[in-house]
Amino acid sequence: SGWSRSAVPRTRVLVVDDSVVVRRLVSEALSREPDLEVVATASSGAIALARVEQLGPDVVTLDVEMDGMSGLETLSRLRELRPGTRVVMFSALTARGAE
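What you see is a predicted model; the values in this text were computed from it and never measured. (Residues numbered from 1 in each chain as written. Predicted model: local features only at pLDDT ≥ 70, side-chain atom pairs only at ≥ 80, totals over all residues. Heavy atoms only, no water.)

**Student:** Mind showing me how you'd approach helix H1 (residues 20–31) here?
**Tutor:** The periodicity of an α-helix, 3.6 residues per turn, causes residues three or four positions apart to be oriented the same way. Here H1 is 12 residues long and its end C-alpha atoms lie 16 Å apart, about the 16 Å a rise of 1.5 Å per residue gives. Taken residue by residue, H1 has Arg23, Ser27 and Leu30 as its buried positions. Down the axis of H1, the buried set is contained in an arc of 70 degrees. They therefore lie on one face. (Helix = DSSP H or I, 4+ residues; strand = E, 2+ residues; numbered from the N terminus. Expected span 1.5 Å × (residues − 1). Buried < 20%, exposed > 50% of the residue type's maximum accessible area, 1.4 Å probe, protein only. Arc of directions from axis to C-beta.)

Next up, the structure:
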């Protein structure tokens, strides 16, 4: 048959973290997955929301603790802007971030 794996659309991901190192590491790890495509990164919640409007990613990875607009505040605004967007939240701060 003419079906090929490349014909299946990849999940489009926006990586959001205020740490350039974390953005790079997460982006590189996700880019190794054939079903995922990192479409952009953002260093703040405000930039993330603008990129969500521009690019319409399927998934947003979001750091809980960021300078300026926190990850939780960004999540709240994202839910208003694009309610169906899937979000994976993470934090380098284990105990405090988990709460």
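Here the narrative resumes.
**Student:** Any chance you could explain empty space enclosed by the protein here in plain terms?
**Tutor:** Tallied over the entire structure, the rule returns 1 cavity of 30 Å³ or more. Approximately 30 Å³ is the volume found for the largest cavity. Every residue along the wall of the largest cavity is listed here: Ala48, Leu49, Val52, Val60, Leu62, Thr74 and Leu78. Among the elements of the structure, helix H2 (45–55), strand E3 (59–63) and helix H3 (71–81) are those that each provide at least two residues to the lining of the largest cavity. Of the residues forming the lining of the largest cavity, the biggest block, 3 residues, is contributed by H2. (1 Å grid on protein atoms, 1.4 Å probe; cavity = no way out; pocket = protein on both sides within 12 Å on 5 of 7 lines; lining within 4 Å. Points joined across faces, edges and corners; volume = space filled by probe spheres on them.)

**Student:** Any chance you could explain the packing of H2 against H3 here in plain terms?
**Tutor:** Where H2 contacts H3, the axes come no closer than 10 Å and their chain directions differ by 20 degrees. Classified by the angle between their axes, H2 and H3 sit roughly parallel to one another. The two elements H2 and H3 meet at a crossing, and its hand is right-handed. Here Gly45, Leu49, Val52 and Glu53 of H2 come into contact with H3, specifically with Thr74, Arg77, Leu78 and Leu81. By residue class, the composition of the contact of H2 with H3 is 4 nonpolar, 2 polar and 2 charged. (Axes fitted to C-alpha atoms, helices over the stretch in contact; angles between N-to-C directions. Parallel < 35°, antiparallel > 145°, perpendicular 65-115°, else oblique. Left-handed = near helix turned anticlockwise from the far one by under 90°. Contact = heavy atoms within 4.5 Å. Nonpolar A, V, L, I, M, F, W, Y, C, P; charged D, E, K, R; others polar.)

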